[in-house]
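Survey of secondary and tertiary structure
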Amino acid sequence: MDTQENKPSLPYVQWAQMSCSLSMEDISGRSMRRRAIKMAVVDTRHEQTATFAAEAYAKLTRRPGLAVLTAGPGITNGVSAVTSAHFNGSPLLILGGRAPAMRWGAGSLQELDHVPILASVTKSAATVTDPEQVGHEIVAALTEAMTPHRGPVFRDFPLDVFGPVTGEVPALPSGFGRGQEPDPEALALLAAAITAAERPAFVIGSDVYFDGAEVELLAAVEHVRVPCFFNGLGRGMLAADHELAFLRTRAVLKDRADLVVVFGTPLDFRLGFGRFGEATVMHVVDAESQRARHVQVHTVVGDHRRILAELAAYEPSDLGASRSRHDEWIAELINAELRATESERALLTAGGTVISPGRVYGELRARLARDAVVICDGGDFASYAGKLVEVQQPGCWLDTGPYGCLGNGLGYAIAARVVRPSSQVVVLLGDGAAGFSLMDVDTLVRHNLPVVMVVGNNGMWGLEKHPMQAIYGWDMACDLQPECRYDEVVRALGGGGETVTDPDQVGPALDRAFASGIPYLVNVMTDPADIYPRSSNLA
C-alpha cells in the first residue's frame, strides 16, 4: 500500500490511521529522534466511523489500530466505537486533541476533560503534558493495548503544549503482544478432562484469533479429536468445511455434551452465561481479568498458542481410547449438522413474491470466495448471516461483538478494503443500521475503496418490533420508511446501487455489485413478516 507523509494539526483532525504497522515497524527496530514517519491516512465523515475503522484494522491485522480524533465532540462521537473495542478486546490506540492547558477552566472551544469519560471503557486514559515524553508515552500505550487482555488505550494532548517533538522514541519491548505462560497444573487438569470426556466440545472465541493460534488450534483439535464451535473472530480459525468445525448444531451441546471448553471468549449471553445443560464447563482465558465471576468453572489463564500447543503434544496412555470415544460423538454431530444443512436448503432457495432473508444468503454464499471478508452491522438481518454464512479463513468475519453497537459497517468496510485489497468485502446492513453510517460511502468513494453493501430492507427495527408484538400485541417507535431507496443515497455519493424486489434477481444484482469496482449497494426489499428464530437469552 502506498503511503504518504501527513502532518496534521492534531486537535483539528479526525481520521483513522490505517497503517499503524508501518510506524510500529520503524519504532520497534531502533530508537529515533525527530524522524518523520510516513503513514497512510484515511479521513472519514464521522469520528465513530474513524474509530470503528481503526478497530477493524486491529481485528484484521492483529496489530494496534490507531484513531485520531478532534477534541470535545470528536472524542465523544467516538466513544461508542471505543466501547465496542473494549468489549471485543481489540488493541486500539485513540489519540485526541485537548483544549489549551494555559486557559483551562476559562471556557475554550471544545474544553472538556475527556479522561474520566474514556477511563471506564479503555485500559487506561490520560493527558500527555510533556513533549519530550511523547515517544515513551506512545510506546507504553501501544504495549498496554497489545498486552492480554487486549483493548483500547486513550491519550489526549493539550493544544498549546505540542509543537515539533524532540524526544526519542524507544524500541518496543521484547515479547510485544504475547501473553503469560499457563499454570502447568491447571493445564494438566484441562488435558486430563478432555481425555476422560466422552462427548467434549470446544468453543473458540476472538482471543484465540488475537493470539494468532490457528496453527496450534488445528494441531490440538486433530490430536485430541474434539469438535469445535465458534464465536466472533473465532469463526474461520478452523475452516467451516473442516471435519471438526460445526456451525448449526450448538444447541446439541446443552443436551448431549459432557464437557465444554470455552477458549478466548467470555461466558456471557452468547454462551448461556456459561451453562450448557449438565456438561462440565472449563474456561481458557488470556488474562486473569477475564476469569468469570458469576459462575464457578475450572479456568486456565495464559497465551492460547502455548495452551493449544501443549494440548497438541499431550500423550497420555489412554489417549487412543479417548479418540475412539470422541469419534462416536463426532459422527453424531456430523449427522446432526447434515440434517440441519438439509433443513435450511428451503430457506436458502425460497421463492415466492417477497424476498426472504434466507434467499439473500443463499445467493451470497454461492458467490463468496474463501477469503471474502464478511461484515455484519444490524439486528435480525445480520443474525441470519451468523446462522448461514460459512467462514473459511481467519480474520474473515467481523461482527459487532457482545456490545451490539450498530454503525460499525462502513468503518469496518474501510479498513477491510485497505488491509485486504484483493479480497471480496461484503457489508451486511439492516435498514436500521444503514442510517448510522451510510454517509461514509463518501469516504469509500474519495479513497477509491470498492466494497459491496447489502441492505436487508424490511422497513422496521425488526429486533424490537417482532418481540413487542409477541409480548404486548402492539409496538411503538419500530417502523422505518417503507421501501427507502438506500441505493440512491449511495449513487448520490458517487457509488452505485440498485433496488431488488424479485427473489430471482438477488443473485444477478450481487454479480453486478461484485463486478462494479466501486462502492455498490444492493437494496433488497425483504419480507417484513419474516421473524428471525431467536433463542438466545440476551439478558
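Residues numbered from 1 in each chain as written. Predicted model: local features only at pLDDT ≥ 70, side-chain atom pairs only at ≥ 80, totals over all residues. Heavy atoms only, no water.

1. A short note on the overall build of the protein chain
Across its full length, the protein chain carries 21 helices and 19 strands. Its C-alpha atoms give the protein chain a radius of gyration of 24 Å, near enough to 24 Å, the size a compact globule of 539 residues would have. In terms of its C-alpha atoms, the protein chain occupies a principal-axis envelope of roughly 70 × 60 × 45 Å. Counting every position in the protein chain, which comprises 539 residues, the buried fraction comes to 57%. A separation threshold of at least 6 residues defines the contact pool for the protein chain, and within that pool the share at least 24 residues apart is 75%. Carbon and sulfur atoms make up 51% of the accessible area of the protein chain, which amounts to about 21500 Å² in all. The centroid of the 46 positive side-chain charges in the protein chain is displaced by 2 Å from the centroid of its 64 negative side-chain charges. (Helix = DSSP H or I, 4+ residues; strand = E, 2+ residues; numbered from the N terminus. Rg over C-alpha atoms; globule rule 2.2 N^0.38 Å. Buried < 20%, exposed > 50% of the residue type's maximum accessible area, 1.4 Å probe, protein only. Contact = heavy atoms within 4.5 Å. Areas by Shrake-Rupley, 256 points an atom, 1.4 Å probe, with all protein chains shown as cover. Lys, Arg positive; Asp, Glu negative; His and termini not counted. Charge placed at Lys NZ, Arg CZ, Asp CG, Glu CD.)

2. Remarks on the side chain of E216
Here E216 shows up in helix α9 (residues 214–224). Of note is the side chain of E216, whose polar atom sits 3.4 Å from the side chain of R305. Apart from the residues lying within four places of it in its own chain, the contact partners of E216 are R305, L308 and A309. (Polar contact = N/O pair within 3.5 Å; in protein donor to acceptor, adjacent residues only side chain to side chain.)

3. With respect to a nonpolar patch on the surface
Side chains of I471, Y472, W474 and M476 sit close together on the surface and give an oily, nonpolar patch of about 510 Å² of accessible area. Here W474 is to be found in the loop between α19 (462–472) and α20 (486–492). Here W474 falls in the partly exposed class, since its relative accessible area comes to 45%. (Patch = residues over 30% accessible without salt bridge, like charges linked within 9 Å, V, L, I, M, F, W, Y side chains within 5 Å. Salt bridge = Lys/Arg side-chain N within 4 Å of Asp/Glu carboxyl O.)

4. Remarks on unusual backbone geometry
In this model, P148 is joined to H149 through a cis peptide bond whose omega is 0 degrees. Relative to the assigned elements, H149 resides in the loop between α6 (134–146) and β7 (152–158). Here R225, not a glycine, exhibits a phi torsion of approximately 60 degrees, which is positive. A positive phi angle, close to 55 degrees, is found at E483, a residue other than glycine. Residue placement: E483 occurs in the loop between α19 and α20.

5. Looking at the packing of aromatic side chains
For the structure shown, the criterion picks out 9 aromatic pairs. Ring geometry for F202 and F263: centres 4.8 Å apart, planes at 65 degrees, overall edge-to-face. With F202 in strand β9 (residues 200–204) and F263 in strand β11 (residues 259–263), this residue pair connects regions lying 61 residues apart in the sequence. Given the relative accessible area of 0%, F263 is considered buried. Ring centres 5.2 Å apart and planes at 35 degrees place the aromatic pair Y361 and F381 in the tilted group. Placement of Y361 in helix α14 (residues 357–365) and of F381 in helix α15 (residues 380–388) is noted, with a sequence separation of 20 residues between them. Of the two residues, Y361 and F381, neither departs from the other in class, the shared state being buried. (Phe/Tyr/Trp six-rings, centres within 6.5 Å; stacked < 30°, edge-to-face > 60°.)

6. Some remarks on the environment of A515
Position of A515 relative to the elements: it lies in helix α21 (residues 506–516). In this structure A515 comes out as exposed when scored by relative accessible area, which is 66%. Considering only alpha carbons, one finds A515 and P266, 249 residues apart in sequence, at a separation of 40 Å.

7. A look at the sheet that holds strand β19 (residues 520–525)
With parallel pairing, 6 strands are arranged side by side in an open sheet as β15-β14-β16-β17-β19-β18. Pairing within the sheet leaves two strands with one partner each, and these edge strands are β15 (397–398) and β18 (496–500). Contacting β14 (373–377), β15, β16 (425–430) and β17 (452–457), α15 crosses the sheet at an angle of about 135 degrees to β16. Across the face of the sheet, α21 comes into contact with β16, β17, β18 and β19 while running at roughly 165 degrees to β19. (Pairing = 2+ DSSP bridges. Axes fitted to C-alpha atoms, helices over the stretch in contact; angles between N-to-C directions.)

8. A look at α21
Every buried residue of α21 is accounted for by V506, G507, A509, L510 and A513. Angularly, the buried residues of α21 cover 160 degrees about the axis, an arc narrow enough to put them on a single face. Of the surrounding elements, those touching the buried residues of α21 are α14, β17, β18 and β19. Remark: G517 follows α21 within two positions and exhibits a positive phi of approximately 75 degrees. (Arc of directions from axis to C-beta.)

9. Points about the environment of R270
Following the sequence through the fold, R270 ends up in the loop between β11 and β12 (280–285). R270 sits 94 residues away from L364 along the chain, and the two C-alpha atoms are 25 Å apart. Of note is the side chain of R270, whose polar atom sits 3.2 Å from the side chain of T265.

10. Comments concerning the sheet that holds strand β10 (residues 228–230)
A sheet is described by the order of its strands in space; here 5 strands give the open sequence β10-β9-β11-β12-β13, paired in parallel fashion. Since the sheet does not close on itself, it has two edges, and those belong to β10 and β13 (298–301), each with one partner. If you compare each strand with its neighbour and ignore which way they point, the axes differ by 20 degrees on average. When β9 meets β11, the two strands line up parallel, connected through 5 bridges. Each residue of the ladder has a partner; that of V203, found in β11, is V262. Most of the contacts of helix α7 (residues 184–196) go to β13, to which it runs at about 125 degrees, and overall it touches β9, β11, β12 and β13. In the packing of helix α11 (residues 304–312) onto the sheet, contacts are made with β11, β12 and β13, and the angle to β11 comes to roughly 145 degrees.

11. Description of the pattern of salt bridges
Within the structure shown, the criterion is met by 37 salt bridges. The salt bridge involving R370 is made with D241; its shortest N-O contact spans 2.9 Å. Taken together, the residues R370 in the loop between α14 and β14 and D241 in the loop between β10 and α10 (251–256) connect sequence positions 129 residues apart. Between R446 and D442 there is a salt bridge, with its nearest N and O atoms 2.7 Å apart. Taken together, the residues span about one helical turn, with R446 and D442 both in helix α18 (residues 441–446) at a distance of 4 residues.

12. Section: the confidence of the model for the protein chain
With 91% of its residues at a pLDDT of at least 70, the protein chain reaches an overall mean of 90. Scored below 50 in pLDDT, residues 1–35 makes 99 contacts in the model with residues more than four places away or belonging to other chains. (pLDDT = per-residue confidence, 0-100.)

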